[in-house]
Amino acid sequence: MACINLNLDVDVNSCLSGLWASRRLGRPKSAIEELKKEMAILKAKRDDVNNQIIAAEREGKIPTNEVTQWLRDVEILEGKVAHEQDFQTMSCSSCSCINQICGTSSQTQEAGDSNTGSRRESSNCCSINRRRATEKLGEANKLMSQASQLDPIVTVGPPEPTAMLPISDQPPVGIESYVEDIVGYVDSGKGDIIGIYGMGGVGKTTMLKSIQQYYLLKHTRFDCVIWVVASKDCQLKRFQMNIAKSLRLLTLQENDDEHICGDKLFSYLKNRKCLLLLDDIWEHVDLQLLGMSHSTTERGQQQQQQLRKVVVFTTRSETVCAQMKAKKEIKVKCLDPVQAWQLFEENSNKDVLSSDAGIMFIAEELAKECADLPLSLIIVARAMSGKKSWEAWKEALHHIRDQHEWTTIGLPKDSLVMYNAFKLSYDSLDNDSIRECLLYCALWPEDYEIDIFSELIPCWIGCGVIHVNVMNEAFAKGCLHLEALLAASLLEQYSNSYFSQNDPKVKMHDVIRDMALLMVSRLEGNKKKWIVKAGIGLSDLPRKEEWQEAERASFMKNKIISLQEYEACTFSKLSMLILRDNRLETIPQSLFASMPHLTYLDLNSCGITELPREICSLTELQYLNLSCNFIRRLLLGFCCLCKLEYLLLRQNSLQIVPNGMISNLLMLKWLHIREIYPICEWWWDELTCFKGCQQLSVGININATTDNIERLNMLPSNVSIWELVLNGKNISKLPNYDLGTPQWGCRVSDHLETMYIVDIGLERLVLAACMGRESSFRCLKRLYFQSLQLLEEISLNRVRLDHLRELYIYDCPRLKDVSWVLQLPSLNFLEIIGCETMKELISEVGNSNSITSSSIRIRTLLLRYMPNLNRIANRPLYFPYLEDVLVIGCPKVNKLPFGAEILKNRLKRIYGLQDWWNNLAWDNKNIKDSLAPYFRPVPRRQ
């Protein structure tokens, strides 16, 4: 008979002691867990209070002493709890409380005897932990109860002048070593002013951007990381306002003098650790007046170190470094020959280089001609990327060595290399149209971020560089030209914070801008054909002698309030005048009589309330931009502008338009009347009676009623809607409303490129077509849903949005999901903000089940401030084209809808708060390790 041997030699007292110890272990654990939960809530409350304080400080307010003490108490408690957790970990790991819950099968009586002391130690450890956790829990509860009584903000007047002490005097191989050196120096605390100098195009700005990125990610080092571009002729007041803008500080006013602005900046920054990055300064800047100084109330080196102010600047001049009293000066040198060839090769077509030994030899010679200057190397390499014949490369080498054209105008030798490289790239562009587009970019201020769709392409169209009749085609062609300039590195893409596509921008390198202006004003007798005084703080126009012979004049983004009186035909050659972004109180009657051949006039954002009648005498005018002003009526004489092709009136208060004024502009191709509030009905008569001989493209906002949509369908065949805003804000009765039924005719859907649906009180929005018909929307590229407070569902029904590329959903708090995006084959950008109820982005609804993951072409996915969002999809979606992901303010999203397989595709970056990333759930640790290099922590809002 088989027997089972049981070891019954067990000390009953030992077992009971172990059981008692296990019970006592449970009690402190529950107290500790409760403390952790309470501390998490307390920290969240502390963050909320800090955010209130920061927002209020930007309005000139300060926290009360009570709340300052409360924040200090929370910080002290947080330190105690952290120390307590360390004690618990150490004490529990050193005692035998875990093993004493039950003995092992091999325990002997002797072992049991020897463990008696350990049990006592365990009992004492658990008792201490329980008592300490309970004490801290009581403190946390007390602080939470106090929080509800706090009034964190009090209002104060302008900051009093404060005594200030000056700051203590104290990336590939070419750039990385410099960046490491500077970061190491800053982190060491040896000095607080660092100057980076070197010739234009050598990579100084690239270095500064790398430093900025480093400290944005290491956000615990500085409270504020501020980036300001200086450029030539930059005034101190502009520096101050740009810093305030970067900080979102609202207290600085345009009419404040420099010392008041300095006091306000100092008041805001004095209790913060700050890093100020100044790019491209040309002369000494008073850092005290930028708020970068220490208070006399600060005492001791430790406090100075805690509230450290660091400035890193770039300049072309070593003298400026001395004037700024830089503790550390770094000269950025050109690359060595090996690095130079590596950079040239990286920006070339390697297949072409390797196809012919003769081409390879000439390429090496071309790289040498670039004198190891990074910008020159990149521009020349990109210019030659499309050249496949030996003859083309040989001609390029001859071209870049021909210095006659440049030496005749006295260029300094160190600039000659850069300008020769630029001229080669300029001449290598495909056609004169693209070359002209590049030159027109120089009309904007130095280092200015030019908005592509509201500024740049409209300028190209208005100047006649792009010749097409329909706006869809014009903007498409403009995008192609822009793509060519970006590919040649003659323009650079400027990215708004975290991939927002709303207003894509480009920048022109200051060296390239200098070259473009040189070509139109100093070469081959072209002197003063263009005069560009943009963004330099002008309060008046230059003397007429300075620009009397000019053909193009740009005075945008200055402080011009009044204009002079001029005699008739003073500027007889002037065809283009840009005055946008000034503050014109009046326009003298004689101004337009002095420039009778004007074809292009930009008065955008000039504060104009009314126009002089003399503007109607500009009979050659083809482009007129009056957007973003306060104009309430148009003049009857506008119909005399018989050659006008482009009339931009968006963001005005236009209420009175004389009957027939617009409808009789026979050459009109583009009418932009979007964002005119209050919405008036004059548009209907003007568009239905339009007599023009061109196809008129219209950007318009209308009250979102069925009648108005049917009106759009009744427009004549020579009028098409290009941009449309359907606004329901002022509609008391909800329309019976489908966005795809027969009320949408070809006048609307066939040319519509951008549509906004705003403030409409609907619970369900159906993009639908009637039976037997599909709605086209063949040109629709951008679709916005904004402030739809009641909307719960959006769906498609027989509507094809095959070319929709960008979808924006803002502030739709009841929207449940956006599963219908899986039916958009061309969608590459999706941004959703403030949809508070949404729990998952893509659900198994409708016919989305039939969509495979391979058909999802989204490249950029941005999710912000959706507190209830749990997941992106309820099934794996692999997003084969996904490049960028951003998740902010979505604390419940604890898992991404893809795994490490995404790395085989195109993933570049995952953005989010560090805490969010740390708390993500993964199927296994290897996935997180694989994706970790792609994560970019986003700093918390300042």
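Computed from a predicted model, the values in this text were never measured in an experiment.

### Some thoughts on the overall build of the protein
The helix and strand tally for the protein stands at 28 helices and 33 strands. Across the 942 residues that make up the protein, the buried fraction comes to 52%. Put simply, the protein shows about 43100 Å² of open surface, and 49% of that area lies on carbon and sulfur atoms.

### What about the pairing of strand β20 (residues 696–703)?
Buried residues dominate β20, accounting for 8 of its 8 residues. By the bridge criterion, 4 bridges tie strand β19 (residues 670–673) to β20 in an arrangement that is parallel. Looking at the pairing, His672 lines up with Gly699 of β20. In this view, the connection linking β19 to its parallel neighbour β20 by way of helix α24 (residues 682–688) has right-handed handedness. Inspection of the sheet shows β20 paired to strand β21 (residues 719–727) by 8 bridges, in the parallel sense. The partner of Ile700 across the bridge, within β21, is Leu724. The parallel pair β20 and β21 is bridged by helix α25 (residues 706–713), and the resulting crossover is right-handed.

### A short note on the packing of aromatic side chains
Each aromatic ring pair is summarised here by two numbers: the centre-to-centre distance and the angle between the ring planes. For the coordinates displayed, the defined rule picks out 23 aromatic pairs. Arranged with centres 6.2 Å apart and planes meeting at 25 degrees, the rings of Phe422 and Tyr426 form a pair that is stacked. Of this pair, Phe422 and Tyr426 both sit in helix α17 (residues 413–428), 4 residues apart, which is roughly one turn of the helix. Exposure remark for Tyr426: the relative accessible area of 10% places this residue in the buried category. Arranged with centres 5.7 Å apart and planes meeting at 90 degrees, the rings of Phe475 and Trp670 form a pair that is edge-to-face. On the criterion of sequence distance, the pair formed by Phe475 in helix α20 (residues 471–487) and Trp670 in strand β19 is long-range, its members being 195 residues apart.

### Here we look at the nonpolar core
In terms of nonpolar packing, the biggest core is built from 129 residues, with Trp547, Phe638 and Phe785 touching the most fellow members. Discounting residues that sit within four places of it in the chain, Phe638 has contacts with Leu611, Ile615, Cys616, Leu624, Leu626, Leu647, Met661 and Leu665. Ile196, Met207, Leu277 and Leu490 belong to the second-largest nonpolar core, a separate cluster that totals 79 residues.

### Quick notes on the environment of Asp759
For Asp759, the location among the structural elements is in the loop between β22 (754–758) and β23 (764–768). Distance in space between the C-alpha atoms of Asp759 and Phe785 is 8.7 Å, their sequence separation being 26 residues. Among residues more than four places away in sequence, those in contact with Asp759 are Asn727, Gly728, Lys729, Gln786, Ser787 and Leu788.

### Considerations on the pairing of strand β24 (residues 782–786)
When a strand is regular, its side chains alternate between the sheet's two faces. Burial runs high along β24: 4 of the 5 residues are buried. Pairing of β22 with β24 involves 5 bridges; the strand directions are parallel. Bridge pairing links Tyr756 to Tyr784 in β24. Sheet analysis places β24 next to strand β26 (residues 806–810), joined by 5 bridges and oriented parallel. Looking at β26, one finds that Arg782 is bridged to Glu806.

### Observations concerning the side chain of Glu446
Among the structural elements, Glu446 can be located in the loop between α18 (432–440) and β10 (450–451). There is no salt bridge for the buried Glu446, and the closest opposite charge comes from Arg513, which lies 4.1 Å off by N-O distance. Once residues within four sequence positions are removed from consideration, Glu446 is found in contact with Ser231, Lys232, Asp280, Trp282, Asp510 and Arg513.

### Overview of the sheet that holds strand β9 (residues 328–331)
Taken in spatial order, the 5 strands of this open sheet run β5-β6-β8-β4-β9, and their pairing is parallel. Sheet topology places β5 (224–229) and β9 at the edges, where each strand pairs with a single neighbour. Strand after strand, the sheet turns through a mean of 15 degrees between neighbouring axes, direction not considered. Here strand β6 (residues 274–279) pairs with strand β8 (residues 309–315) via 5 bridges, running parallel. By the bridge assignment, Cys274 is partnered in β8 with Lys309. Lying over the sheet, helix α7 (residues 236–247) contacts β5 and β6, oriented at roughly 140 degrees with respect to β5.

### Topic: the confidence of the model for the protein
Summary statistics for the protein give a mean pLDDT of 80 and a share of 79% for residues scoring 70 or more. Predicted confidence is poor over residues 1–28, with pLDDT under 50, and the contacts of this stretch with residues over four places away or in other chains come to 18 contacts. This stretch, residues 155–171, has a pLDDT under 50; its non-local contacts, to residues over four places away or in other chains, come to 49 contacts.

What counts, and at which threshold
- Residues numbered from 1 in each chain as written.
- Predicted model: local features only at pLDDT ≥ 70, side-chain atom pairs only at ≥ 80, totals over all residues.
- Heavy atoms only, no water.
- Helix = DSSP H or I, 4+ residues; strand = E, 2+ residues; numbered from the N terminus.
- Buried < 20%, exposed > 50% of the residue type's maximum accessible area, 1.4 Å probe, protein only.
- Areas by Shrake-Rupley, 256 points an atom, 1.4 Å probe, with all protein chains shown as cover.
- Pairing = 2+ DSSP bridges.
- Right-handed = clockwise from strand over helix to strand, strands pointing away.
- Phe/Tyr/Trp six-rings, centres within 6.5 Å; stacked < 30°, edge-to-face > 60°.
- Core = buried A, V, L, I, M, F, W, Y, C linked by side-chain atoms within 4.5 Å.
- Contact = heavy atoms within 4.5 Å.
- Lys, Arg positive; Asp, Glu negative; His and termini not counted.
- Salt bridge = Lys/Arg side-chain N within 4 Å of Asp/Glu carboxyl O.
- Axes fitted to C-alpha atoms, helices over the stretch in contact; angles between N-to-C directions.
- pLDDT = per-residue confidence, 0-100.

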